[in-house]
Amino acid sequence: MTDQGEADLSVIGAALSDRGRCRMLMALDDGRALPASMLAAEAGVSAATASAHLKQLRAAGLLEVVASGRYRYYRLAGDEVGRLLEQVARLSPAQPIRSLREGTRAHAMRLARCCYDHVAGRLGVALTDALRDRGHLVEEPGLDVPRPRGRFPDDATYLLTPGGREALTAIGVAVPEAVGVRCCTDWTEQRHHVAGPLGRALLDTLVDRGWVRRTPRSRALRPTDDGRAALREHFGVPWPPPVGVRRLPA
């Protein structure tokens, strides 16, 4: 018989049941590939324990290995895993802050971070709101279910307008040919941010133009002085984006 039964959710559940393994996964949620030693440090476990964790995560289909010579690096097994982590994070309680260092890191992550391959946090939401308010992103036709402004419980698809394509291309974004734009719900802000191919292209532009910088041991993004000026000029977004995402006049 070739028929298969229902999905075995317990495999994924078991993989996510250990806090150390979850820390490893979240450390990789910016799309990087990291060595086992760095993931062990992130999880706060020994090399042997880290090896066992990584083996289980690979068996569950959540991680894949990238070989570079004699070195091995680990990364998420695709954007669907990143989306899974974000969905679970939205349902999970926040961990308590026990030190100034943890508080500083959490604040930086909330302001701006990588969500696998796109911008998340207040900055991601502010950029998305700016694109919507300027008519660059519009609701996909047929989505006539009434929803509060800015508060969306689910992922959704928007359409990139010709004006939006022109505006983003003008600042160097390699805009995908498809007009559909996937937006997912930010787990800290509970609002939409641009994801998918356009989200990836937007993050690449911000990094390549030196407007934001990745941090070495965190998913947080930090804007440069030039980046703060560019966010104001091109999107009307101040830094830091305030709670509620108020923007400067266009």
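As shown above, the structure is provided for reference.
Residues numbered from 1 in each chain as written. Predicted model: local features only at pLDDT ≥ 70, side-chain atom pairs only at ≥ 80, totals over all residues. Heavy atoms only, no water.

Thoughts on helix H5 (residues 79-91)
Item 1. In this model, H5 (13 residues) spans 19 Å end to end at C-alpha, consistent with the 18 Å of a helix rising 1.5 Å per residue.
Item 2. When H5 is considered as a whole, its buried residues turn out to be Val 81, Gly 82, Leu 85, Glu 86 and Ala 89. Viewed along the axis of H5, the buried residues span an arc of 140 degrees, placing them on a single side of the element. Exposed positions of H5 whose direction lies more than 90 degrees from the buried face are Glu 80 and Leu 91.
Item 3. For H5, the elements touching its buried residues are helix H2 (19-27), strand S3 (71-76) and strand S4 (113-115). (Helix = DSSP H or I, 4+ residues; strand = E, 2+ residues; numbered from the N terminus. Expected span 1.5 Å × (residues − 1). Buried < 20%, exposed > 50% of the residue type's maximum accessible area, 1.4 Å probe, protein only. Arc of directions from axis to C-beta. Contact = heavy atoms within 4.5 Å.)

Some points on the pattern of salt bridges
Item 1. Inspection of the entire model under this criterion finds ten salt bridges.
Item 2. With its nearest N and O atoms 2.6 Å apart, the salt bridge here joins Arg 32 to Asp 30. Side by side, Arg 32 and Asp 30 carry an identical accessibility label, which is buried.
Item 3. Residues Glu 86 and Arg 219 are paired through a salt bridge, measuring 3.9 Å at the closest nitrogen-oxygen approach. One end of the pair, Glu 86, is in helix H5; the other, Arg 219, is in the loop between strand S10 (212-214) and strand S11 (221-223), with 133 residues separating them in the sequence. You'll find Glu 86 and Arg 219 in the same group, each marked buried.
Item 4. Three or more residues are tied together by salt bridges with common partners; here these are Asp 29, Glu 86 and Arg 219. (Salt bridge = Lys/Arg side-chain N within 4 Å of Asp/Glu carboxyl O.)

Topic: empty space enclosed by the protein
Item 1. Considering all chains together, one arrives at three cavities of 30 Å³ or more under this definition.
Item 2. Looking at the largest cavity, its volume works out to about 110 Å³.
Item 3. Every element with two or more residues in the lining of the largest cavity is listed here: H5, strand S8 (180-185) and helix H9 (196-208).
Item 4. The element contributing the most residues to the lining of the largest cavity is H5, with six residues. (1 Å grid on protein atoms, 1.4 Å probe; cavity = no way out; pocket = protein on both sides within 12 Å on 5 of 7 lines; lining within 4 Å. Points joined across faces, edges and corners; volume = space filled by probe spheres on them.)

Concerning the nonpolar core
Item 1. With 33 residues, the main nonpolar core has Leu 123, Leu 127, Leu 168, Val 173, Leu 198, Phe 235 and Val 237 as its most contacted residues.
Item 2. In contact with Leu 123, not counting residues within four places along its chain, are Leu 111, Ala 112, Val 212, Leu 231, Val 237, Trp 239 and Pro 241.
Item 3. Membership of the second largest hydrophobic core comes to 20 residues, among which are Ala 15, Met 24, Ala 50 and Leu 85. (Core = buried A, V, L, I, M, F, W, Y, C linked by side-chain atoms within 4.5 Å.)

Considerations on the sheet that holds strand S7 (residues 156-160)
Consider a sheet: its strands pair through backbone hydrogen bonds, and that pairing is either parallel or antiparallel.
Item 1. One open sheet accounts for four strands, arranged S6-S7-S8-S9; its pairing is antiparallel. Looking at the sheet topology across the chains shown, the edges are occupied by strand S6 (137-139) and strand S9 (192-194). In this sheet, neighbouring strand axes are inclined to one another by 45 degrees on average, regardless of whether the strands run parallel or antiparallel.
Item 2. In terms of strand pairing, S7 meets S8 through four bridges, oriented antiparallel. Across the sheet, Tyr 158 pairs through a bridge with Val 181, a residue of S8. (Pairing = 2+ DSSP bridges. Axes fitted to C-alpha atoms, helices over the stretch in contact; angles between N-to-C directions.)

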